[in-house]
Amino acid sequence: LTFNWYYGIISIYQFTESEFIMNIVLSLDIGTSKIAAVAFACGEQKNIAVLSAENSTTVSGLPAGRHEQEPEKIFNICADLLRQLATCGKFSPENVRSIAISGQMHGVLLADPSLRPLTNLITWCDHLTIELVAALDRSNWPVQRTGCYLHAGYGGATLAEMAKKHEIPANAKALTIADYVVAKLCGTIATDATHAASWGIMDVAGQCWDKELLDRFAIPQSVLPEIKPAMTELGKLSIDLGLPAETTVCLPIGDNQASFIGSCGFANNSVLLNLGTGGQVSLPVNQFAFMPELETRPLPFGGYLLVGASLCGGRAYAILKDFFRQTVFQFTGKELSDSELYKTMDRLAETTRVELDTDRRFGGTRLKPELRGAIAGIDHDNFTPEALCRGMMRGMVRELAAMVPQELRCHLSRVLASGNAVRKSPLAQQMITEELGMPCELSDNSEEAATGAAMTAAKAMNLL
């Protein structure tokens, strides 16, 4: 077991397979707080090596509400993880056929033609464009083309703000962080529909940049990368990672679509519910359709995902945990650990059938940011820690389940659940089954997005 303290490796999982397996895809998932890497054996359709590193590249000292990360440092972490996979001893590097990547969506950076960053990565968490987005008239936004409204943190809004301030150099290219890493690996600049759509200025149905929106915001067409089909083979690996020179580098896909594929495969009969720090529900449809409260996102190889997101998600349970922590400390002077608090909260929730009616929208929703949370239905008997814990869990699940349209549920046969708030709570799994009326299964893969990117690349290369 090896740790690289410089890059902050936080976990390496060992596997028992002793034989070398043919046709390996190496895959990365570039998240906001963690970067994961897997070696996927195409024949056995499973990961034979998994490791991860902290994404410790967030820029400090920015104004409140700003969130940026350093692209070159992210690339260095990615390259180091790929080198460690190549030398992990679980497969022969000669059997690596391609490198696949998924990455955090919505964010954008500018780079020059030599891939020198001209800006930091301005991530999906950034609030630079709050005022710009608030001034938009949603009634005339072309959701039937974009599949979503424009939100703060979306690349289209960030580019619009830059264009307004004349901050886009003539030779610049706008890229997601995954696009940037791939370009550094093989020298080719491009993006795919899953990432392009996440910026909010793509004609999703037409599979091209939306010219009317580019004109509206004065975003130059030249700054936008060419949109190519998902997992296009962009080129051969051009840097030394201890891998064969003929290793193919594939165009990356968005982490939402990759997570869905890594959990549910390529079938269209499952809904994916993720409840971790955030919360998200994703369900596949064959035809483009826009529904309020949901975004329509393209899938690799055709079809779309309808995606609903809770801005608070699993953080609601963490907020309740912090409330209990402060209460205990104020009354007793004793500090309890997170693990002690969560264990007690789970036990309390499981020992009662009484639930308080909780609204966990502590930070509103994307469409109604002014909304706030509430606890309702309190009487003389039910105002207890048990009822509050159980009600909070129910509320988190119910908010996401309510985003699955009733008219589409008849086409779905199961719900796959992922995220620590579900994995660690049998009660949450039971509630998901109750709220959606279909069996809840846990995703088999611990790194769903990296696995989904590998599966997508393998399918594109006819290795599955």
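Everything that follows concerns the structure shown earlier in this document.
A few points on the structure.

Conventions adopted
Residues numbered from 1 in each chain as written. Predicted model: local features only at pLDDT ≥ 70, side-chain atom pairs only at ≥ 80, totals over all residues. Heavy atoms only, no water. Helix = DSSP H or I, 4+ residues; strand = E, 2+ residues; numbered from the N terminus. Buried < 20%, exposed > 50% of the residue type's maximum accessible area, 1.4 Å probe, protein only. Contact = heavy atoms within 4.5 Å. Areas by Shrake-Rupley, 256 points an atom, 1.4 Å probe, with all protein chains shown as cover. Lys, Arg positive; Asp, Glu negative; His and termini not counted. Charge placed at Lys NZ, Arg CZ, Asp CG, Glu CD. Salt bridge = Lys/Arg side-chain N within 4 Å of Asp/Glu carboxyl O. Core = buried A, V, L, I, M, F, W, Y, C linked by side-chain atoms within 4.5 Å. Pairing = 2+ DSSP bridges. Axes fitted to C-alpha atoms, helices over the stretch in contact; angles between N-to-C directions. Patch = residues over 30% accessible without salt bridge, like charges linked within 9 Å, V, L, I, M, F, W, Y side chains within 5 Å.

With that settled, consider the overall build of the protein chain. Assigned secondary structure in the protein chain consists of 15 helices and 24 strands. Seen through its principal axes, the protein chain has C-alpha atoms that stretch 70 × 60 × 50 Å. Relative to its 464 residues, the protein chain shows a buried fraction of 56%. Expressed as a percentage of contacts within the protein chain between residues at least 6 apart in sequence, the contacts between residues at least 24 apart total 70%. Carbon and sulfur atoms provide 52% of the accessible area of the protein chain, an area that totals close to 19600 Å². One way to put it: in the protein chain the 39 positive side-chain charges average out to a point 1 Å from where the 50 negative ones average out.

This part covers the pattern of salt bridges. Here the structure, examined in full by the defined rule, presents 24 salt bridges. The partner of R145 in a salt bridge is E212, with the nearest N and O atoms 3.1 Å apart. Here R145, found in helix α3 (residues 143-146), pairs with E212, found in helix α7 (residues 211-217); they are 67 residues apart in sequence, far enough to count as distant. For D338, the salt bridge goes to K321, with nearest N and O atoms at 3.2 Å. Highlighted residues: D338 in helix α10 (residues 338-350) and K321 in helix α9 (residues 315-332), separated in sequence by 17 residues. Its relative accessible area of 6% is what places K321 among the buried residues. The structure contains a network of salt bridges with shared partners spanning E355, R390, R394, R398, E434 and E435.

Quick look at the nonpolar core now. L159, V271, I432 and L436 are the most contacted members of the largest nonpolar core, which totals 79 residues. In terms of residue count, helix α11 (residues 385-401) provides more of this core than any other element does, 9 residues in total. Leaving out residues up to four positions away in the same chain, I432 has contacts with L273, V397, V415, A417, V422, G437 and C440. A37, A53, C78 and V249 belong to the second-largest nonpolar core, a separate cluster that totals 45 residues.

All right, on to the sheet that holds strand β23 (residues 414-418) then. Spatial strand order, β19-β20-β18-β17-β23-β24: 6 strands in an open sheet with mixed pairing. Of all strands in the sheet, those bounded by a partner on one side alone are β19 (295-298) and β24 (440-442). The average angle at which neighbouring strand axes cross in this sheet is 30 degrees, direction not considered. Sheet analysis places strand β17 (residues 270-275) next to strand β18 (residues 279-285), joined by 4 bridges and oriented antiparallel. In the strand pairing of β18, L275 is matched with G279. On the sheet, helix α8 (residues 255-264) packs against β17, β18, β19, β20 (304-310) and β23 and is oriented at approximately 115 degrees with respect to β17. Running at roughly 140 degrees to β17, α11 makes contact with β17, β18 and β20 of the sheet.

Summarising the element assignment, T158 is placed in helix α4 (residues 155-164). The exposure class of T158 is buried, given its relative accessible area of 1%. With near-sequence residues (within four places) excluded, T158 lies in contact with V108, I122, L128 and T129.

On the surface, F266, F301 and L464 cluster together into a nonpolar patch covering about 270 Å² of accessible area. The topology assignment puts F266 in the loop between α8 and β17. F266 sits in the partly exposed class, given a relative accessible area of 36%.

Quick look at the pairing of strand β2 (residues 24-30) now. Of all 7 residues in β2, 7 are buried; the element is thus mostly enclosed. Across 7 bridges, the pairing between β2 and strand β3 (residues 34-41) is antiparallel. Looking at β3, one finds that I24 is bridged to A41. What sits between β2 and β3 in their antiparallel hairpin is a turn of 3 residues.

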